[in-house]
Amino acid sequence: MEKNNGYILLETAIKDALLSKNATIKVMVDVKVDTEQQTFKDLSKEEFEAVIGILEETRQQDQEDNFKVFDEKKGIISLTRTTKKRKLLVLPVAPENFSIISSHQSPYLEDCAYCVERSWPTKSELIERGYDYQTVMDLPPNTTDTKVDSVERNQIQDEQNYQNTQPSMQNVKFEEHYIRLDRNGDGIAELLKVCSVENKLLRWKGGKADIEETECVPFANGVAVLMGHRFYGLSIYDKLKHVQDSKTHFLRQWHDNALINNHNKEDVVEDKVNMEDFTNGRPNAIRRVEDLNSNRTVPTNDIGPSCQLALDYQDKIRTDRTGSALDLQANQMSMPSNVGDQGVNTLIANLEQVSALVTRNLSETLIKSTFALVHKFLRLYFPQEISAKINGNWATTNPSQWLERYQVNISVPPTRSEKITQQVAIEKSIMLATNDIAQGKSGITTDEGRIYQMKLDHMRLSGIDHPEKYLINPDSPEAQQIARQNAQQQQMMAMQAQEQPVSYTHLRAHETQEVISYAVFCWKR
């Protein structure tokens with residue numbers, strides 16, 4: 001995920017789910033072909049054979065050599081080496097650019113009958129992908145921002161003003177369809193990928209239409225709030241729209257009331273006042289009257305306190321519907337004065353249940369599906385070995401040798417209050433384990449390795465990344481060597497203590513005080 005800006009990817013997808021019901025992530029393999037021309041001349045027989053051997057040894061799995069000239073007598077070798085470079089891409093898809101058949105009733109897309117993704121690449125990008133030049137250049141141009149959701153994301157009006165007039169840089173509406181059809185007439189529908197622009201099939205350079213059978217639907221879907229037997233879920237906006245409308249209403253009422261209090265209505269005697277002074281709307285302006293009794297201010301009630309109570313009530317509804325995340329972020333949690341630390345943790349834990357449920361839903365749908373797709377694409381399209389850093393150590397694996405995964409277990413991180421509870425429990429466990437080792441129960445109830453793991457878990461709950469770099473693993477070779485040295489040193493000290501002379505008094509220490517006194521000093525009672 002580091003190569004695909006994983007933080008930005010998940011941040012974008014989660015925000016889509018919270019605001020627009022669903023989040024969609026696409027997994028694909030980007031293949032680039034590099035061509036290298038190599039020519040060797042005036043080679044002797046030994047050099048000729050050596051060059052052939054070097055070419056065979058250096059040829060990788062994704063490389064092909066096309067020999068144009070291969071003349072052993074003249075000692076000439078001319079070839080073109082083609083290298084395919086694969087890169088796994090994980091991309092967020094805007095909700096307005098993804099559509100699915102209405103009969104699909106699951107948040108998972110493995111058995112989806114039809115879905116489509118829309119994008120707006122340039123004609124130059126389509127030609128670079130390998131599509132026929134004339135077919136692409138004849139496509140009608142289209143603009144990128146045509147939907148309300150997409151246009152509303154523009155924070156500056158100048159973002160959509162620039163248009164490149166060069167034909168190859170014109171945008172087109174590209175649609176990538178995934179549909180199940182019985183293509184070979186055997187009665188079993190196959191999953192097909194079909195690419196089109198404006199309902200016109202795209203064709204490759206050889207004239208073949210871009211229709212191919214594919215292994216799976218390359219999209220992962222996620223929802224924040226599940227709706228039973230439906231693809232689309234509920235967004236946080238759906239749950240808070242009423243609260244937003246109500247708070248807007250009361251804020252406007254409060255604002256209007258403030259304006260009325262600052263510009264009160266007046267009852268006036270028309271012939272005894274200057275009407276222009278009373279109707280110009282200027283605050284604190286001079287008003288000309290003939291008599292102080294010629295005008296009267298109409299009293300207005302201040303509804304500010306009532307509006308504040310209504311806004312607070314709407315905030316309570318917001319907390320009940322979406323959890324305590326917003327309250328905790330704004331530090332607005334109201335607690336009774338007689339509630340202690342344990343009570344505060346209990347109250348926050350209860351309010352965090354809704355936020356925890358949303359996190360669990362996103363993990364079980366979006367994260368789980370994305371992981372399964374990444375695992376499948378690595379297994380199918382990356383036959384070479386790859387390296388990755390796991391727990392601070394580099395490991396090498398060949399994804400093509402992985403077994404297909406049918407089950408994925410998701411571990412959701414605990415909430416803040418759950419972390420505090422777990423930290424307290426781990427601290428008590430470390431104290432008990434340390435006491436057991438001091439009492440000689442090492443290897444019976446616990447050992448140094450388990451205490452080491454408890455310390456790592458405690459540091460992770462405190463927000464420390466890679467805590468293993470701060471502690472020494474007792475099972476590591478270095479720790480084992482030091483343990484052996486300490487054991488040898490203790491054994492030597494014990495042997496030296498046994499070799500020291502023992503006094504006569506020490507040998508008879510088990511006898512009574514009266515007997516020892518008589519034996520040493522000849523004292524008697």
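Per chain, residues are indexed from 1 in the order of the written sequence. Where local features are concerned, this predicted model is filtered to residues with pLDDT of at least 70; where side-chain atom pairs are given and counted, the filter is 80 or more; whole-chain, interface and lining totals use all residues. Side-chain metrics rest on all non-hydrogen atoms present in the structure, leaving aside hydrogens and water.

Here we look at the overall build of the chain
Step number 1: The helix count covers DSSP runs of H or I at least four residues long, the strand count covers runs of E at least two residues long, and both are numbered beginning at the N terminus. Counting secondary structure elements, the chain contains 15 helices and 14 strands.
Step number 2: At a minimum sequence separation of 6, the contacts of the chain that also span at least 24 residues come to 62%.
Step number 3: Residue exposure ignores everything except the shown protein chains as possible cover, and the areas themselves are Shrake-Rupley values with a 1.4 Å probe. Of the roughly 35900 Å² of accessible surface on the chain, 51% is carried by carbon and sulfur atoms. Two residues qualify as a contact provided that any one of their heavy atoms is within 4.5 Å of a heavy atom in the partner residue.

A short note on unusual backbone geometry
Step number 1: Phi angles above zero are rare outside glycine, and K21 is one such case at about 75°.
Step number 2: Structurally, K21 is set in the loop between α1 (6-20) and β1 (22-40).

Digging into a negative patch on the surface
Step number 1: The patch calculation keeps residues exceeding 30% relative accessible area without a salt bridge and links them within 9 Å when they carry like charges or within 5 Å when they are nonpolar (Val, Leu, Ile, Met, Phe, Trp, Tyr). Salt bridge, as used here: a side-chain nitrogen of Lys or Arg that lies within 4 Å of a carboxyl oxygen of Asp or Glu. When charges are counted, neither His nor the chain ends are considered; positive counts come from Lys and Arg and negative counts from Asp and Glu. By convention, the point assigned to a charge is CZ for Arg, NZ for Lys, CD for Glu and CG for Asp. A surface patch of negative charge is lined by E46, E47, E49 and E72.
Step number 2: Inspection of the secondary structure assignment puts E46 in helix α2 (residues 45-58).

As for helix α12 (residues 448-461)
Step number 1: Helix span, as expected, comes to 1.5 Å for every residue beyond the first. Between its first and last C-alpha, α12 extends 20 Å over 14 residues, near the 20 Å set by a 1.5 Å rise per residue.
Step number 2: In this fold, the buried residues of α12 make contact with α11 (416-438).
Step number 3: Downstream of α12 by a residue or two, G463 has a phi angle that is positive, lying close to 90°.

Describing the confidence of the model for the chain
Step number 1: Per-residue pLDDT for the chain averages 83, and the proportion of residues at 70 or more is 85%.
Step number 2: Mean pLDDT across the elements of the chain ranges from a minimum in helix α14 (residues 504-507), with 53, to a maximum in strand β10 (residues 219-223), with 96. The predictor reports its confidence for every residue as pLDDT, a score running from 0 up to 100.

Notes on the nonpolar core
Step number 1: Buried Ala, Val, Leu, Ile, Met, Phe, Trp, Tyr and Cys residues form a nonpolar core when they are joined through side-chain atoms within 4.5 Å. The buried label applies to any residue whose accessible area, calculated with a 1.4 Å probe on protein chains only, is under 20% of its type's maximum; exposed applies above 50%, and partly exposed to all values in between. Formed by 21 residues in total, the largest nonpolar core has its most connected members in I25, V27, L88, V90, L373, V374 and F377.
Step number 2: Elements with a minimum of two residues in this core: α1, β1, β3 (76-93) and α10 (341-381).
Step number 3: Of all the elements, α10 adds the most residues to this core, at seven residues.
Step number 4: Setting aside residues up to four positions removed in sequence, I25 forms contacts with L9, L10, A13, V90, L91, P218, F219, A220, L366 and T370.
Step number 5: Formed by eleven residues, the second largest nonpolar core is a distinct cluster that contains I100, C112, V217 and F231.

Let's talk about the pairing of strand β7 (residues 190-197)
Step number 1: Of all the eight residues making up β7, eight are buried; the element is thus mostly covered by neighbouring parts of the structure.
Step number 2: Bridge analysis of strand β6 (residues 174-181) against β7 gives eight bridges, and the strand direction is antiparallel. Paired with F174 across the two strands is V197, which belongs to β7.
Step number 3: Pairing analysis gives three bridges linking β7 to strand β9 (residues 211-213), with the strands arranged antiparallel. Of the residues in β9, the one forming a bridge with V194 is I211.
Step number 4: Bridge count for β7 against strand β8 (residues 200-201) is two bridges, and the pairing is antiparallel. When the sheet's bridge partners are listed, S196 is paired in β8 with L201. Pairing between strands is defined by DSSP: at least two bridges between the two strands are required.

Here we look at the packing of aromatic side chains
Step number 1: Here a pair means two rings of Phe, Tyr or Trp (six-membered ring of Trp) with centres within 6.5 Å. Their orientation is stacked below 30 degrees between planes, edge-to-face above 60, and tilted elsewhere. For the structure shown, the criterion picks out six aromatic pairs.
Step number 2: On the basis of an interplanar angle of 35° and a centroid distance of 6.4 Å, the ring pair of F98 and F231 is categorised as tilted. Pair noted here: F98 is in strand β4 (residues 98-100) and F231 is in the loop between β10 and α6 (236-262), with a separation of 133 residues, a long-range link.
Step number 3: For F231, a relative accessible area of 3% corresponds to the buried category.
Step number 4: Aromatic rings pair up to connect F98, Y178, F219, F231 and Y232 into one cluster.
Step number 5: Placement of a charge over a ring requires the Lys NZ or Arg CZ to be within 6 Å of the ring centre, with the centre-to-atom vector within 35 degrees of the ring normal. Above the ring of F174, the side-chain terminus of R129 is found at 5.2 Å from the ring centroid.

Observations regarding the packing of α6 against helix α8 (residues 304-322)
Step number 1: In contact at an axis separation of 10 Å, α6 and α8 are set at 170° when each is read in the N-to-C sense. Taken together, the axis directions place α6 and α8 in an arrangement best described as roughly antiparallel. In this structure, α6 uses I236, K239, L240, H242, V243, S246, K247, F250, L251, W254 and N257 to contact α8, whose residues at the interface are G304, C307, Q308, A310, L311, Q314, D315, I317, R318, R321 and T322.
Step number 2: Taken together, the residues of the contact of α6 with α8 sort by class into ten nonpolar, seven polar and five charged. A fitted line through C-alpha atoms represents every axis, and for helices the fit uses only the stretch in contact; the resulting angles, taken between N-to-C directions, go from 0 to 180 degrees. Relative orientations are named as follows: roughly parallel for angles under 35 degrees, roughly antiparallel for angles over 145 degrees, roughly perpendicular for angles from 65 to 115 degrees, and oblique for any other angle. As a working rule, the residues Ala, Val, Leu, Ile, Met, Phe, Trp, Tyr, Cys and Pro are called nonpolar, Asp, Glu, Lys and Arg charged, and the rest polar, with Gly in that last group.

Topic: the packing of α11 against α12
Step number 1: Two elements in contact, α11 and α12, have axes separated by 10 Å at closest approach and are oriented at 160°. Considering the angle they form, α11 stands roughly antiparallel to α12. Note that α11 runs across α12; the crossing there is left-handed. Listed contacts from α12 to K419, Q422, Q423, I426, E427, S429, I430, A433, T434 and I437 of α11 are E448, I451, M454, K455, D457, H458 and L461.
Step number 2: Of the residues that constitute the contact of α11 with α12, the class distribution is seven nonpolar, five polar and five charged. For any pair of crossing helices, the crossing counts as left-handed if the nearer helix is rotated counterclockwise from the farther one by less than a right angle, and right-handed if it is rotated clockwise.

Brief notes about the environment of D182
Step number 1: Locating D182 in the fold gives a position in the loop between β6 and β7.
Step number 2: Separated by ten residues in sequence, D182 and L192 place their C-alpha atoms 9.5 Å apart.
Step number 3: Contacts of D182, omitting those with residues within four sequence positions, involve G187, I188, A189 and E190.
Step number 4: Reaching out from D182, the side chain makes a polar contact with the backbone nitrogen of D186 at a distance of 3.3 Å.
Step number 5: Within the local environment of D182, its side chain forms a polar contact with the backbone nitrogen of G187, the two atoms lying 2.8 Å apart. By the criterion applied in these results, polar contacts are pairs of N or O atoms within 3.5 Å in which, for protein atoms, one can donate a hydrogen and the other can accept it, and in which residues neighboring in sequence qualify only through two side-chain atoms.

Section: the environment of V412
Step number 1: Along the chain, V412 falls in the loop between β14 (393-397) and α11.
Step number 2: Owing to a relative accessible area of 21%, V412 belongs among the partly exposed residues under this scheme.
Step number 3: The sequence separation of V412 and L362 amounts to 50 residues, and the corresponding C-alpha distance is 9.9 Å.
Step number 4: Other than its neighbours up to four places away in sequence, V412 contacts T359, R360 and S363.

Observations concerning the environment of S411
Step number 1: On the secondary structure map, S411 appears in the loop between β14 and α11.
Step number 2: Judged by relative accessible area, S411 falls into the exposed class, the value being 70%.
Step number 3: C-alpha separation for the pair S411 and E364, spaced 47 residues apart in sequence, amounts to 9.3 Å.

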